Amino acid sequence: MADSHDTDPVPRGPVMARQRRTGPGSAAPGRHVSVVIVGAGFAGVGTAIRLLREGHRDLLILERADEVGGTWRDNAYPGCACDVPSRLYSFSFAPNPTWSRRFAPQEEIERYLKRCVARYGLTPRLRLGCELQRATWDPERLRWDLDTSTGPLSAGLLVMAQGPLSEPAIPSLPGLEDFTGAAFHSAGWRHDLDLSGKRVGVIGTGASAVQFIPHLQRTAQQVTVFQRTPSWVAPRRDRPVPAWQRRLFRLAPSVQRLARGWEYLVREATLPALLGNRTMAALGRREALAHLHRQVKDPELRSKLTPDYALGCKRVLLSDDYYPALVQPNVHVVTDPIASIGPDVVLTTPGGGAQAASGGAAPADTAHPVDVLLFGTGFRVTDASYARRVIGVDGRSLDEIWQGSPQAHLGTTVAGFPNLFLMAGPNTGVGHTSLIYMIESQINYLISALRLMRSRSLGAVEVHAETQQAYNVELRNRMAPTVWAAGGCSGWYQDRTGRVTTIWPAPTWRFRRRTRTIDPEEYVLTASRDTLNRHVSGESDRVGADAAQPGS
């Protein structure tokens, strides 16, 4: 992928290594930065670009990997592509007229992000190979003290932009440690491993699996798919973007903006099916079932692949080649639960042990020989480890405050954690359109907060606990009739308490409207230390462009 300014491939290896040496990664430990951003995926890169354009130049991006790209860097498995139309999957301020397909492949998206980094001059503000290990709020200095893998820092504002799909989830299975073959998650694909002639076991059938299983089917000797719950799969209808259209978008950006706006409206028009409109939901279900019946003729396999929950309760997957791969003779779909893993075998319990549960003899486990285990089991979304590393005003971490159920105000700020902003935080996910739209809305909110802090010479802003609580009560009420809460399934949209804490339960334009500006009445506003010192000494405040920065 490339943007409108360059169509050459992005250099890898030594070039990115040079970026690391020339950026702030070589700066002396212990420095203070006005804004520190954690993560260099879409959320982190987009935040940094907008802040720079607003004149906030004292910022630093921490990225634990040696390259930017976030989930599009890590997920490089065969067939990886976006399931949101590419017209929507870019920053509104940096449109890309050269997407090659309706649904952009992984390598184009990764390249797009790297081009944004170069185009907007972010390289000097990147600290690559630097992982945030702990962030602690200092109430005296009104700043975040950061312990990182490359040394300490402090920050006036801390922006957590690591993204919801940054920590792979691997289930705890008895005997997994005894498996003697290669075992890896799709986010850490072993490109050095030749799978031809191998017996591959795939655990999980989510969004990643439906993309890489067709490629496995064409390569491996045998593919055994261990499915716990079938997904609703709709036609993908991917296609190349014609050369004339790419030229038109490049020469007439306003036409591309119109096309993007139309795509947004089309996606928003599907939302009522997820919010409880039974007529629209029935239409979507009918289309998905027709897709299944067209591509899977065997009634037994079709039964295994038919969900028993409402369409949209889990993420609806888009694929035209997943079902055709499953009907091939070298693919076997297993729906019995996994009992244990052996050195070269996966053992499943027929019928889930129902006979033994009813008092009969326990059935013998079924053995499925495998040489390679591949996990398509998603990510830790509602229990991400960063929540254990961010420590607020009372010495407790986000994880301790949340108790397994993440909550924030507008998905962005958290009571007890001043000057902390979460990008793609709780209840900002979407099941029908582009998350980038939500991220850009949150960036607007962050910039509004910074303007408020500058205009009033503030050192800290912290959302009132009552404001956050009222907002989350509103969310729960809005969520109740939706397919995510009432659709009869469980999955990563829900946290361990059963609450849906990942999805925004309304049209996305409503979120954009609510995050346009910060409401000072919803926040505890603390003057900067410089302002307080001037009051003590009798000096007047200075308000405006020269006012104190956060954490000063």
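These numbers come from a predicted model, not from an experiment.

Asks: Give a detailed account of the sheet that holds strand β8 (residues 199–203), specifying residues and quantitative values.
Replies: Pairing is parallel in the open sheet, where five strands are placed in the order β7-β16-β8-β9-β12. Looking at the sheet topology across the chains shown, the edges are occupied by β7 (182–185) and β12 (331–334). Geometrically, the sheet is characterised by an average inter-axis angle of 15° between neighbouring strands, direction not taken into account. Inspection of the sheet shows strand β9 (residues 222–226) paired to β12 by four bridges, in the parallel sense. Looking across to β12, one finds that Val 225 is bridged to Val 333. The sheet strands contacting helix α5 (residues 209–219) are β8, β9, β12 and β16 (372–375), and the helix crosses β8 at an angle near 170°.

Asks: Can you tell me about the sheet that holds strand β14 (residues 345–348), naming the residues and giving the values?
Replies: The sheet built from three strands is open, its strands ordered β13-β14-β15 with antiparallel pairing. For this open sheet the edge positions go to β13 (338–341) and β15 (366–369), each flanked by a neighbour on one side alone. Sheet twist, expressed as the mean angle between neighbouring strand axes with direction ignored, is 25°. Pairing between β13 and β14: three bridges, direction antiparallel. Across the sheet, Ile 338 pairs through a bridge with Thr 348, a residue of β14.

Asks: How would you explain the environment of Ala 282 if you had to name every residue and give the values?
Replies: With respect to the helices and strands, the residue Ala 282 is situated in helix α9 (residues 278–295). Sequence separation of Ala 282 and Ala 310 is 28 residues, and the distance between their C-alpha atoms is 9.3 Å.

Asks: An account of the packing of aromatic side chains is requested, with residue identities and associated values reported.
Replies: Any pair of aromatic rings gets described here by the distance separating the centres and the angle formed by the planes. Under the criterion given, the structure shown has 17 aromatic pairs. Summarising the aromatic geometry, the rings of Trp 99 and Tyr 112 are spaced 5.6 Å apart at their centres and angled 45° between planes, so their arrangement reads as tilted. You can see Trp 99 sitting in the loop between α3 (71–74) and α4 (106–119) and its partner Tyr 112 sitting in helix α4, a full 13 residues away along the chain. In this structure, Trp 99 and Tyr 112 share a single accessibility class: buried. Over the aromatic face of Phe 103 sits the side chain of Arg 236, whose NZ or CZ is 4.4 Å from the ring centroid. Directly above the aromatic system of Tyr 437 lies the positively charged group of Arg 512, at a separation of 4.0 Å from the ring centroid.

Asks: Can you explain the packing of helix α2 (residues 42–53) against α4? Please cite residues and give values.
Replies: Here α2 crosses α4 at 25°, and the two axes come no closer than 10 Å. Between α2 and α4, the angle is such that the two are roughly parallel. Along this stretch, α2 crosses α4, giving a crossing that reads as left-handed. Seen from α2, the contacting residues are Phe 42, Val 45 and Ile 49; seen from α4, they are Ile 109, Tyr 112, Leu 113, Cys 116 and Val 117. When grouped by side-chain class, the residues that make up the contact of α2 with α4 number eight nonpolar, no polar and no charged.

Asks: Before we move on, could you go through the pattern of salt bridges and cite the residues and values that matter?
Replies: Enumeration according to the criterion identifies 19 salt bridges in this entry. Arg 73 is the salt-bridge partner of Glu 63, the closest N and O atoms lying 3.4 Å from each other. Of this pair, Glu 63 sits in strand β2 (residues 59–63) while Arg 73 is found in helix α3, placing the two residues ten residues apart along the sequence. Summarising the burial analysis for this pair, Glu 63 and Arg 73 share the class buried. In this structure, the salt-bridge partner of Arg 237 is Glu 287, at a minimum N-O distance of 3.0 Å. With Arg 237 in the loop between β10 (233–234) and α6 (243–251) and Glu 287 in helix α9, this pair connects stretches of sequence that are 50 residues apart. According to the relative accessible area criterion, Glu 287 is partly exposed, its value standing at 33%. Where salt bridges share partners, they join Glu 63, Arg 73 and Asp 74 into one cluster.

Asks: Provide a residue-level description of a nonpolar patch on the surface, including the pertinent values.
Replies: A contiguous nonpolar surface patch, about 270 Å² in accessible area, is contributed by Trp 244, Leu 248 and Val 255. Look at Leu 248 and you get partly exposed, because its relative accessible area is 33%.

Asks: Please give an account of the nonpolar core that cites residues and values.
Replies: Residues Phe 42, Phe 91, Phe 212, Ile 213, Leu 216 and Leu 326 are the most contacted members of the largest nonpolar core, which totals 93 residues. It is helix α14 (residues 435–455) that provides the largest number of residues to this core, a total of twelve residues. Setting aside its immediate chain neighbours within four residues, Ile 213 contacts Val 202, Val 225, Tyr 322, Ala 325 and Leu 326. In terms of nonpolar packing, the next biggest core, distinct from the first, is built from 28 residues, Val 33, Leu 62, Cys 130 and Val 390 among them.

Here is what the cut-offs are and how they apply
- Residues numbered from 1 in each chain as written.
- Predicted model: local features only at pLDDT ≥ 70, side-chain atom pairs only at ≥ 80, totals over all residues.
- Heavy atoms only, no water.
- Pairing = 2+ DSSP bridges.
- Helix = DSSP H or I, 4+ residues; strand = E, 2+ residues; numbered from the N terminus.
- Axes fitted to C-alpha atoms, helices over the stretch in contact; angles between N-to-C directions.
- Contact = heavy atoms within 4.5 Å.
- Phe/Tyr/Trp six-rings, centres within 6.5 Å; stacked < 30°, edge-to-face > 60°.
- Buried < 20%, exposed > 50% of the residue type's maximum accessible area, 1.4 Å probe, protein only.
- Lys NZ or Arg CZ within 6 Å of the ring centre and 35° of its normal.
- Parallel < 35°, antiparallel > 145°, perpendicular 65-115°, else oblique.
- Left-handed = near helix turned anticlockwise from the far one by under 90°.
- Nonpolar A, V, L, I, M, F, W, Y, C, P; charged D, E, K, R; others polar.
- Salt bridge = Lys/Arg side-chain N within 4 Å of Asp/Glu carboxyl O.
- Patch = residues over 30% accessible without salt bridge, like charges linked within 9 Å, V, L, I, M, F, W, Y side chains within 5 Å.
- Areas by Shrake-Rupley, 256 points an atom, 1.4 Å probe, with all protein chains shown as cover.
- Core = buried A, V, L, I, M, F, W, Y, C linked by side-chain atoms within 4.5 Å.

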